[in-house]
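Spelled out, the chains give:
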Amino acid sequence: MHLKSCPTWRSPMAGASMVEVLVSIVLASFALLALAGVNAASLRYTKMAQYRATATQLANDLGERMRANKGVSSPTATGFFAGAYNYTTDFAGQATAPSLPTQRCDTAASTCTAAEIATLDLLQWRLLVRDQLPQGSVFLRQQASQVAMDVWVVWRDPAVANVDESPALAAECPDSLNRGTDLSIRCSYFRINL
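Residues numbered from 1 in each chain as written. Predicted model: local features only at pLDDT ≥ 70, side-chain atom pairs only at ≥ 80, totals over all residues. Heavy atoms only, no water.

## Focus on the packing of aromatic side chains
Here is step 1 of the chain: Under the definition given, this model contains four aromatic pairs.
Here is step 2 of the chain: Plain terms: the ring middles of tyrosine 51 and tryptophan 155 are 5.9 Å apart, the flat faces sit at 55° to each other, and that makes the pair tilted. Residue tyrosine 51 is found in helix 1 (residues 16–68), and its partner tryptophan 155 is found in strand 2 (residues 148–156); the two are separated by 104 residues along the sequence.
Here is step 3 of the chain: Taken together, Phe139, Trp152 and Tyr189 form an aromatic cluster joined through their ring pairs.
Here is step 4 of the chain: Looking at arginine 44, its charged tip hangs above the ring of tyrosine 45, at a distance of 5.3 Å from the centre. (Phe/Tyr/Trp six-rings, centres within 6.5 Å; stacked < 30°, edge-to-face > 60°. Helix = DSSP H or I, 4+ residues; strand = E, 2+ residues; numbered from the N terminus. Lys NZ or Arg CZ within 6 Å of the ring centre and 35° of its normal.)

## Thoughts on the environment of alanine 97
Here is step 1 of the chain: Along the chain, the position of alanine 97 falls in the loop between helix 1 and helix 2 (114–132).
Here is step 2 of the chain: Sequence spacing of alanine 97 and arginine 130 is 33 residues, and the spatial spacing of their C-alpha atoms is 7.3 Å.
Here is step 3 of the chain: Residue contacts for alanine 97: discarding those within four places in its chain leaves Leu127 and Arg130. (Contact = heavy atoms within 4.5 Å.)

## Some remarks on the sheet that holds strand 2
Here is step 1 of the chain: A sheet is described by the order of its strands in space; here three strands give the open sequence 1-2-3, paired in antiparallel fashion. Two strands in the sheet have a free side with no partner beyond their single neighbour: strand 1 (137–142) and strand 3 (185–193). On average, each strand axis in the sheet is inclined to that of its neighbour by 15°, with strand direction left out of account.
Here is step 2 of the chain: With nine bridges connecting them, strand 2 and strand 3 associate as antiparallel partners. In the sheet register, tryptophan 155 faces strand 3, and the bridge partner there is arginine 186.
Here is step 3 of the chain: With respect to the sheet, helix 2 is in contact with strand 1 and strand 2, its orientation differing from that of strand 1 by roughly 140°. (Pairing = 2+ DSSP bridges. Axes fitted to C-alpha atoms, helices over the stretch in contact; angles between N-to-C directions.)

## Brief notes about a nonpolar patch on the surface
Here is step 1 of the chain: Residues Met18, Val21, Leu22 and Ile25 make up a contiguous nonpolar surface patch of about 390 Å² in total accessible area.
Here is step 2 of the chain: Positionally, leucine 22 belongs in helix 1. (Patch = residues over 30% accessible without salt bridge, like charges linked within 9 Å, V, L, I, M, F, W, Y side chains within 5 Å. Areas by Shrake-Rupley, 256 points an atom, 1.4 Å probe, with all protein chains shown as cover. Salt bridge = Lys/Arg side-chain N within 4 Å of Asp/Glu carboxyl O.)

## Re the environment of alanine 148
Here is step 1 of the chain: Relative to the elements of secondary structure, alanine 148 occurs in strand 2.
Here is step 2 of the chain: Alanine 148 sits in the buried class, given a relative accessible area of 0%.
Here is step 3 of the chain: Sequence separation of alanine 148 and arginine 191 is 43 residues, and the distance between their C-alpha atoms is 6.7 Å.
Here is step 4 of the chain: Setting aside residues no more than four positions away along its own chain, alanine 148 makes contact with Phe80, Gln142, Gln143, Arg191, Ile192 and Asn193. (Buried < 20%, exposed > 50% of the residue type's maximum accessible area, 1.4 Å probe, protein only.)

## Focus: unusual backbone geometry
Here is step 1 of the chain: Residues serine 74 and proline 75 are joined by a peptide bond in cis, for which omega reads 5°.
Here is step 2 of the chain: You can see proline 75 is positioned in the loop between helix 1 and helix 2.
Here is step 3 of the chain: The backbone of glutamine 135 shows a phi angle near 50°, a positive value even though the residue is not glycine.
Here is step 4 of the chain: With respect to the helices and strands, the residue glutamine 135 is situated in the loop between helix 2 and strand 1.

Function-wise, these values are silent; they only describe arrangement.
Here you go:
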């Protein structure tokens, strides 16, 4: 018996399915990388929103403290009207946590003045900001012509990764804060009308 050898016949499409599989793997990997980037940005923006919500609650707390110690404007200004809630120390000057005074003004027998209450309010509030935000700091400036306070709640955002997210472009921090070239410092601005 003689076996006749068959010529091997190759289709012009031979190996095409392998190329298709490789192309689909490359496309799927690009899609997965894009999804990972979207997920990372989503987490970053969620954290930023959480910090801003915390800053809003803290500003509301300060507003209530100032309203409770508004004082009088004449004949001698007291409380808020005396400028007792102004705090314009730059970011570097707030690197250490403040310490509370010995006079706490928290009993009925306390004989604290409006200035002492304002000092205690401001120290307690600064500690609260520091506890609830990363490197939390504040900048407070009373409006001269209105019964209002400009409030900046400041923190260092560890997730700032892109230059287009920098607060320097958004002009959200006051110039007197002296944050230098540090793009991770974030501010939320509030005007509190009493």
